Amino acid sequence: MLSLNWIILASRVWITLAAFLSLAVSSAMSCPHEISTSANYCFTDYTLQFQNMLSSANKLCCGMDAETLRAFCQAYRTAVTCITQLRTACPKERHDKIDTVWGNFEVARVGLRELCSDDSLIENYAMHQSCLTKAGPTSEMCFHTHLRTATEIKFLTEVTTHKNRNEQFCVEMLKTIECVRRNVNHTCGHQPAVLSVILVKPMVRMSTECNYSVIENQLKTTKRPHHGQDAYISDKHSGSSRRKAHKGTEENPGNSSIRHSPSVSFIVSLFLVALIYRGRPS
């Protein structure tokens, strides 16, 4: 039985070989007659790997298998290269058909620019995959808490409540990113927390177009300063204490009269003195 390492190695070799063959074919071909069909063919493997990302048991932010992510990014880069080669092989007057197909993937291209730009990111992801899985349930809650959507957010998910990108959407995305980052930092440490920021953005469609630095500065300037809690007892609490004391007196009405009335022994003494005085002969 083959070991897991051999299986992983074989899958990587196959991905590399498929990418090489795709590039070789695309670079050697002349401009095809059915240019739209050829353009769509460039994204065949990408579409398959995209479905694998959606069907993954764990989400991208929360411990997805590193090999699933690696295969997807490789397929994405191969698709981009294939389209580029197709544009090179065809005259400019036919680029509109290529661009029509490419336009369908424009949102994905913007969202994946940072995620799939460097293989070292995936290696870093593989190192921290188990801890990201551990932090996963709490990280997923960040999306529901701040984006306030019933839609299950997996990968390049469109948040329907913010169909048009606006400032409020970007503010909520910033809060989501910070929520996940703090959770991962608490559970896994600083380096995985930095990585989590890159992982969260591609999960929500159009989120990479937000200018988070500007939004963060705006939130800092509008946030009211916190001066701490007051070091005195408010009227509300003092009033409550007075009511409580008054209530205690009402519950034990005899206590006050007992404390302020003359003692029983003193009254008895006065009574005896009076009797003795009356009994003396005049």
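Here the structure is a predicted model, which means the values were calculated and not measured.

Engineer: Teacher, can you tell me more about the packing of aromatic side chains here?
Structural biologist: Any aromatic ring pair is given by two values, namely how distant the centres are and how the planes are angled relative to each other. For the structure shown, the criterion picks out 8 aromatic pairs. Ring geometry for Phe43 against Tyr46: centres 6.0 Å apart, planes inclined by 80 degrees, an arrangement best described as edge-to-face. Judged by relative accessible area, which is 4%, Tyr46 ranks as buried. Put simply, the rings of Phe43, Tyr46, Phe50, Phe72, Tyr76, Trp102 and Phe155 touch in pairs and so form one group of aromatic residues.

Engineer: Honestly, the packing of helix α4 (residues 66–89) against helix α5 (residues 95–103) in this entry has me stumped. Any pointers?
Structural biologist: Two elements in contact, α4 and α5, have axes whose closest approach is 10 Å; the angle formed by their N-to-C orientations is 165 degrees. Judged by the inter-axis angle, α4 sits roughly antiparallel to α5. In this structure, the crossing between α4 and α5 has a hand that is left-handed. Between α4, through Val80, Ile83, Leu86 and Arg87, and α5, the contact on the second element is made entirely by His95, Ile98, Asp99 and Trp102. Here the residues of the contact of α4 with α5 sort into 5 nonpolar, 1 polar and 2 charged.

Engineer: What should I look at first to understand the nonpolar core in this one?
Structural biologist: Among the nonpolar cores identified, the biggest contains 60 residues, and Phe43, Tyr46, Leu60, Phe72, Leu115, Phe143 and Phe155 are the most heavily contacted of them. If we ignore the near neighbours within four places in the chain, the residues touching Phe155 are Phe50, Met53, Leu54, Leu60, Phe72, Leu112, Leu115, Pro202 and Met203.

Engineer: Quick question: what am I supposed to make of the packing of helix α7 (residues 119–127) against helix α10 (residues 190–200) here?
Structural biologist: Axis angle and axis distance: for two packed helices, these are the angle between their axes and the distance between the axes, and together they describe the pair. Following both chains from N to C, one finds α7 and α10 inclined at 125 degrees, their axes separated by 11 Å at the closest point. Considering the angle they form, α7 stands oblique to α10. The element α7 and its partner α10 pack so that their crossing is left-handed. Counted together, Leu121, Asn124 and Tyr125 of α7 and Gln191, Leu195, Ile198 and Leu199 of α10 form the full contact between these two elements. Classifying every residue of the contact of α7 with α10 by side-chain character gives 5 nonpolar, 2 polar and no charged.

Engineer: Sorry, what's going on with the environment of Arg113 here?
Structural biologist: With respect to the secondary-structure elements, Arg113 resides in the loop between α6 (106–112) and α7. Residue class for Arg113 comes out partly exposed when judged on its relative accessible area of 49%. Along the chain, Arg113 and Thr208 lie 95 residues apart, while their C-alpha atoms are 9.2 Å from each other.

Engineer: Can you help me understand helix α3 (residues 44–54) in this one?
Structural biologist: Since one α-helical turn is 3.6 residues long, residues separated by three or four positions face the same way. Looking only at α3, the buried set comprises Tyr46, Gln49, Phe50 and Met53. One side of α3 carries all its buried residues, which in axial view fall inside an arc of 110 degrees.

Engineer: Please clarify how the state of the cysteines should be interpreted in this entry.
Structural biologist: Each disulfide consists of one covalent bond between the sulfur atoms belonging to two cysteines. Scanning all chains against the criterion turns up 7 disulfides. Disulfide pairing is shown between Cys31 and Cys90; the S-S distance is 2.1 Å. Handedness here is read from the sign of the S-S torsion; for Cys31 and Cys90, about 100 degrees, the answer is right-handed. Of the two residues, Cys31 sits in the loop between α1 (4–28) and α2 (35–41) while Cys90 sits in the loop between α4 and α5, which places them 59 residues apart along the sequence. Disulfide partner of Cys73: Cys116, at an S-S distance of 2.1 Å. Taking the sign of the torsion about the S-S bond as the criterion, the disulfide between Cys73 and Cys116, at about -65 degrees, is left-handed.

What counts as what
- Chains are numbered independently. Their residues run from 1 in the order of the written sequence.
- Given that the model is predicted, a residue must reach a pLDDT of at least 70 before its local features are reported, and side-chain atom pairs must reach 80 or more before they are shown or counted; all residues, however, enter totals for whole chains, interfaces and linings.
- Just so you know, side-chain values use all the structure's heavy atoms and leave hydrogens and water out.
- Stacked, edge-to-face and tilted labels apply to pairs of Phe, Tyr and Trp rings (six-membered ring for Trp) whose centres lie within 6.5 Å, assigned for plane angles under 30 degrees, over 60, and everything in between, in that order.
- Classification of residues uses two cut-offs on accessible area relative to the type maximum, computed with a 1.4 Å probe and protein chains only: under 20% is buried, over 50% is exposed, and between them is partly exposed.
- Interaxial angle, 0 to 180 degrees, is taken between N-to-C directions of lines fitted to C-alpha atoms, where a helix line uses only the stretch in contact.
- Helix numbering and strand numbering both begin at the N terminus, where a helix is a DSSP run of H or I of at least 4 residues and a strand a DSSP run of E of at least 2.
- Any angle that falls under 35 degrees is termed roughly parallel, while one over 145 is termed roughly antiparallel, one within 65 to 115 roughly perpendicular, and all others oblique.
- By convention the crossing between two helices is left-handed if the near helix lies anticlockwise of the far one by an angle smaller than a right angle, and right-handed if it lies clockwise.
- We call two residues in contact when some of their heavy atoms are within 4.5 Å.
- Three categories are distinguished: nonpolar for Ala, Val, Leu, Ile, Met, Phe, Trp, Tyr, Cys and Pro, charged for Asp, Glu, Lys and Arg, and polar for the others, with Gly belonging to the last.
- Nonpolar core, defined: a set of buried Ala, Val, Leu, Ile, Met, Phe, Trp, Tyr and Cys residues in which side-chain atoms within 4.5 Å join the residues together.
- The directions from the helix axis to the C-beta atoms are what the arc is built from.
- When two cysteine sulfur atoms are found within 2.5 Å, that pair is recorded as a disulfide.

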